[in-house]
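Chains, contacts and geometry: an overview
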Amino acid sequence: VFAHVLRAPEDPILGVTVAYNKDPSPNKLNLGVGAYRTEEGKPLVLNVVRKAEHQLVNDITRVKEYLPIVGLAEFNKQSAKLIFGANSPAILENRVATVQCLSGTGSLRVGGEFLARHYHERQIYIPLPTWGNHPKVFTLAGLSVKTYRYYDPSTRGLNFQGLLEDLGSAPPGAIVLLHACAHNPTGVDPTLEQWDQIRKLMRSKQLLPFFDSAYQGFASGSLDTDAQPVRLFVADGGECFVAQSYAKNLGLYGERVGALSIVCKNADVASRVESQLKLVIRPMYSNPPIHGASIVATILKDRNLFDEWTIELKSMADRIISMRQQLFDALRARGTPGDWSHIIKQIGMFTFTGLNPEQVSFMTKEYHIYMTSDGRISMAGLSSRTVPHLADGIHAAVTR
Ligand code: LMR
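Residues numbered from 1 in each chain as written. Predicted model: local features only at pLDDT ≥ 70, side-chain atom pairs only at ≥ 80, totals over all residues.

For the protein chain, an unreviewed UniProt entry supplies the name Aspartate aminotransferase and the organism Cucurbita maxima. Quoted straight from UniProt, the Catalytic activity (unreviewed entry) entry for the protein chain says "L-aspartate + 2-oxoglutarate = oxaloacetate + L-glutamate". (UniProt positions renumbered as here; feature names shortened; annotations may be inferred.)

Written out as structure tokens, the structure is:
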């Protein structure tokens with residue numbers, strides 16, 4: 001009965017790892033998926049995570065009972081504090097509904113499902129380009145996906161004018177997906193002044209902000225600095241959605257731990273919204289897993305562990321920044337044609353190189369360098385040892 005089923009294509013991002021794993025070359029380099037690697041090219045478990053896990057394992061009072069549908073209460077409280085700030089009026093006034101979800105993707109999906117059921121406007125505007133999973137998540141949640149201009153290939157920077165025009169002509173009430181910081185895939189963020197202009201425009205048209213915050217702490221190295229755009233929107237008292245992920249900033253990728261927060265007008269609305277979120281979650285996966293959220297809660301509520309985390313986070317962010325400089329220098333040293341200054345200007349995990357799909361496939365074939373076909377490379381997958389190989393590959397691709 002399934003003979004008619006066609007083979008589906010691999011995922012454009014996770015499929016890169018599948019192809020990489022099949023390559024027997026000893027020089028292969030995976031710059032596809034956004035996952036942090038050490039200078040030795042190894043995945044990293046943060047020290048604070050090891051410490052928190054140690055505490056959890058040794059606590060014999062801990063059990064493996066089901067969590068509530070909305071997840072671990074302490075985790076939800078700490079997650080809201082982390083993104084909105086401990087003194088956020090929205091938190092003090094109890095008007096945030098926060099639910100633990102399956103990392104960033106799960107949080108986006110639960111938010112999308114809630115909007116499709118309870119919000120009057122179905123259209124969601126996502127930046128062009130954006131993370132490849134965004135349109136799929138929201139379409140399957142029942143929303144209608146539109147795009148707004150974001151990236152300007154000619155400057156390799158922000159198309160701010162285009163962004164304002166497109167949001168300005170969106171229907172009143174439309175939902176707008178915003179990357180809180182370290183835009184994926186471009187590494188191009190608005191300045192704080194531009195964020196405020198975006199906010200004013202959106203509020204004047206009652207556009208509903210939906211932040212995807214997958215890189216808090218990874219852009220600047222500071223958790224508070226990276227949360228500023230979100231806090232700007234919350235400070236004006238308006239509604240706001242935020243999907244948080246701990247995959248990158250705590251290295252908890254496979255633990256699938258994240259949160260969805262919906263900032264409402266008052267505490268009564270927030271508690272009704274939370275009750276409806278439960279109806280979204282229960283038939284999808286009943287309740288979320290306990291382990292990853294317990295790790296996060298343990299770290300966030302303990303001053304010492306929290307401080308240690310900020311240091312480890314900063315060192316990951318700094319290593320990525322130094323990779324940018326090294327790659328830029330290596331291309332300059334080779335006299336590679338083109339202006340590569342965007343490598344050091346862009347921020348976060350990714351560089352949007354400007355390489356075209358043909359150049360990308362040349363580099364994969366000839367140099368065993370793997371990246372997404374849009375030319376995005378994960379700087380977090382690079383090390384001083386592999387920079388020369390990547391620079392050679394880029395040089396050969398653009399001078400061919
Ligand atoms: C990425 O963009 O590489 C990451 O967010 C991982 C993923 O799930 O796509």
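Generally speaking, nonpolar side chains in soluble globular proteins are found buried as a group. Residues Val 99, Tyr 125, Val 176, Phe 211, Val 230 and Val 296 are the most contacted members of the largest nonpolar core, which totals 118 residues. The element contributing the most residues to this core is helix H13 (residues 303–334), with 9 residues. Built from parts of two domains, this core gets at least three residues from each of domain 1 (14–44 + 318–399) and domain 2 (73–301). The residues contacting Val 99, other than those within four sequence positions of it, are Val 70, Gly 71, Asn 76, Val 110, Ala 259, Leu 260, Glu 274, Leu 277 and Ile 281. (Core = buried A, V, L, I, M, F, W, Y, C linked by C-beta atoms within 7 Å. Buried ≥ 20, exposed ≤ 12 C-beta atoms within 10 Å, placed from the backbone. Helix = DSSP H or I, 4+ residues; strand = E, 2+ residues; numbered from the N terminus. Domains from an automatic or database assignment. Contact = placed C-beta atoms within 7 Å.)

The next point concerns the site of the ligand. In the neighbourhood of the ligand, the contacting residues comprise Ile 13, Val 33, Gly 34, Trp 131, Asn 133 and Asn 184. When the residues that make up the shell around the ligand are grouped by side-chain class, the tally is 3 nonpolar, 3 polar and no charged. (Near = placed C-beta within 6 Å. Nonpolar A, V, L, I, M, F, W, Y, C, P; charged D, E, K, R; others polar.)

The next subject is H13. With 32 residues, H13 should cover 46 Å at 1.5 Å per step; its first-to-last C-alpha distance of 47 Å lies within 8% of that length. Along H13, the residues classified as buried are Trp 309, Leu 313, Met 316, Ala 317, Ile 320, Met 323, Arg 324, Gln 326, Leu 327, Ala 330 and Leu 331. Considering only its buried residues, H13 is in contact with helix H2 (47–58), helix H12 (291–301), helix H14 (342–345), strand S11 (350–352) and helix H16 (387–399). Backbone geometry just after H13 places Gly 335 at a positive phi near 65 degrees. (Expected span 1.5 Å × (residues − 1).)

The next subject is the pairing of strand S4 (residues 144–149). Summarising the sheet, strand S3 (residues 123–128) and S4 pair through 6 bridges and their orientation is parallel. Following the sheet pairing, Pro 127 is matched in S4 by Tyr 148. Following the backbone out of S3, through helix H6 (residues 134–141) and into the adjacent parallel S4, one traces a crossover that is right-handed. (Pairing = 2+ DSSP bridges. Right-handed = clockwise from strand over helix to strand, strands pointing away.)

Looking now at the environment of Gly 112. Along the polypeptide, Gly 112 turns up in helix H5 (residues 103–118). Owing to 27 C-beta atoms within 10 Å, Gly 112 belongs among the buried residues under this scheme. Once the C-alpha coordinates of Gly 112 and Val 137 are considered, the two residues, 25 residues apart in sequence, prove to be 7.7 Å apart.

For the rest of this paragraph, the subject is the confidence of the model for the protein chain. Looking at the protein chain as a whole, its pLDDT mean stands at 97, while 100% of the residues score no less than 70. Two summary scores accompany this predicted model of the complex, namely pTM at 0.96 and ipTM at 0.93. (pLDDT = per-residue confidence, 0-100.)

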